[in-house]
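Listed below are the residues making up each chain.
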Amino acid sequence: MSEISLTVLIIIEGQAPASVDLKRVDKNLTVGCNCSSEDKVCNHIISTLFGEEAKIVGCDGTLTKTIADMLAGSDVEHAFWKLRDLTVKSAKLKAELAQARTNLGEAIIDFKPW
């Protein structure tokens, strides 16, 4: 893959808009953000790599495909998929935890046979 660069404007509710810069040279993908977060990987970067269209200004299928293509086969890809997998598992676990709390509340208020 030859060198390719892309700048994406991201808006996350409750935060100022930020620009995420992606640059791919061979297998190396470099991603940076101009936000004030002191994290190396801020929510803007994660939203960009996850292809969250609702948060990407002027997003269309072409832009998210370009981001996915830049990620594919890069030095960042394995770590990205690990984070994505854990994020999905975390969301599912949070939903299960919320349901368990609801069930406990119902059981405490009124007997609920299991």
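Thresholds, definitions, all that
- Along each chain, residue indices are assigned from 1 in the same order as the chain's sequence is written.
- Confidence filtering applies because this is a predicted model: local features only for residues at pLDDT of at least 70, side-chain atom pairs given and counted only at 80 or more, and all residues used for totals across whole chains, interfaces and linings.
- Heavy atoms from the whole structure form the basis of all side-chain values; hydrogens and water molecules are not counted.
- Only centres within 6.5 Å qualify two rings of Phe, Tyr or Trp (six-membered ring in Trp) as a pair; their planes then separate them into stacked at under 30 degrees, edge-to-face at over 60, and tilted for everything else.
- Helix and strand assignments follow DSSP, with helices taken as H or I runs no shorter than four residues and strands as E runs no shorter than two, numbered in order from the N terminus.
- A 1.4 Å probe rolled over the protein chains alone gives each residue an accessible area, and that area as a share of the maximum for its type sets the label: buried under 20%, exposed over 50%, partly exposed in between.
- As a per-residue measure, pLDDT tells how confident the predictor is, with possible values from 0 to 100.
- Pairing between two strands requires that DSSP report at least two bridges joining them.
- A patch is a set of surface residues, each over 30% in relative accessible area and not in a salt bridge, joined within 9 Å for like charges and within 5 Å for the nonpolar side chains Val, Leu, Ile, Met, Phe, Trp and Tyr.
- Here the open area of atoms and residues is found with the Shrake-Rupley method and a 1.4 Å probe, where only the protein chains shown may cover a residue.
- Salt bridges are defined by distance alone: a side-chain nitrogen of Lys or Arg within 4 Å of a carboxyl oxygen of Asp or Glu.
- What counts as an axis is a line fitted to C-alpha atoms, over the stretch in contact for a helix, and the angles between N-to-C directions run from 0 to 180 degrees.
- Just so you know how the angles are binned, under 35 degrees is roughly parallel, over 145 roughly antiparallel, 65 to 115 roughly perpendicular, and the rest oblique.
- The contact rule is simple, with two residues in contact once any of their heavy atoms fall within 4.5 Å.
- Polar here means any residue other than Ala, Val, Leu, Ile, Met, Phe, Trp, Tyr, Cys and Pro, which are nonpolar, and Asp, Glu, Lys and Arg, which are charged; Gly is therefore polar.

Visitor: What is the right way to look at the packing of aromatic side chains in this model?
Guide: Each aromatic ring pair is specified by the distance between its two centres and by the angle formed by the two planes. Inspection of the entire model under this criterion finds two aromatic pairs. Ring centres of Phe 50 and Phe 80 lie 5.4 Å apart, and the angle between their planes is 80°; on these two criteria the pair is classed as edge-to-face. In this pair, Phe 50 is assigned in helix H1 (residues 43–50) and Phe 80 in helix H3 (residues 77–109), connecting sequence segments 30 residues apart. Each member of the pair, Phe 50 together with Phe 80, is buried. On the numbers, 4.9 Å between centres and 75° between planes, the contact of Phe 80 with Trp 81 is edge-to-face. Using a relative accessible area of 7% as the deciding quantity, one classes Phe 80 as buried.

Visitor: I keep staring at the confidence of the model for the protein and nothing clicks. Help me out?
Guide: Close inspection of predicted coordinates is inappropriate for parts of the model with low pLDDT. This prediction gives the protein a mean pLDDT of 90; 96% of its residues lie at or above 70. Mean pLDDT per element in the protein: helix H2 (residues 61–71) is the minimum at 92, and strand S2 (residues 18–25) is the maximum at 95.

Visitor: Can you walk me through the pairing of strand S3 (residues 28–33) in this structure?
Guide: Looking along a regular strand, one sees side chains alternate from face to face of the sheet. With six bridges joining them, S2 and S3 adopt antiparallel strand pairing. Of the residues in S3, the one forming a bridge with Val 25 is Asn 28. Count of turn residues in the S2/S3 antiparallel hairpin: two residues, of which Asp 26 carries a positive phi of about 55°.

Visitor: Can you walk me through a nonpolar patch on the surface in this structure?
Guide: A surface patch of nonpolar side chains, about 220 Å² in accessible area, is lined by Leu 9, Ile 11 and Val 57. Looking at the element boundaries, Ile 11 is found in the loop between strand S1 (4–10) and S2.

Visitor: Looking at this model, I keep getting lost on the packing of H1 against H3. Mind explaining?
Guide: Each pair of packed helices gets described by two things: the angle between the helix axes and the distance between those axes. Where H1 meets H3, the closest approach of the two axes is 11 Å, and the angle between their N-to-C directions is 95°. When the interaxial angle is binned, H1 and H3 end up roughly perpendicular. Contacts between H1 and H3 involve Ile 46, Leu 49 and Phe 50 from the former and Phe 80, Leu 83, Arg 84 and Thr 87 from the latter. Here the contact of H1 with H3 is built from residues that sort into five nonpolar, one polar and one charged.

Visitor: I keep staring at the sheet that holds S3 and nothing clicks. Help me out?
Guide: The strands making up a sheet associate through backbone hydrogen bonding, with each pair oriented either parallel or antiparallel. The strand order S1-S2-S3 describes an open sheet built from three strands, whose pairing is antiparallel. Across the chains shown, the open sheet's two edge strands, defined by having one partner strand only, are S1 and S3. If you compare each strand with its neighbour and ignore which way they point, the axes differ by 15° on average. Lying over the sheet, H2 contacts S1, S2 and S3, oriented at roughly 130° with respect to S1.

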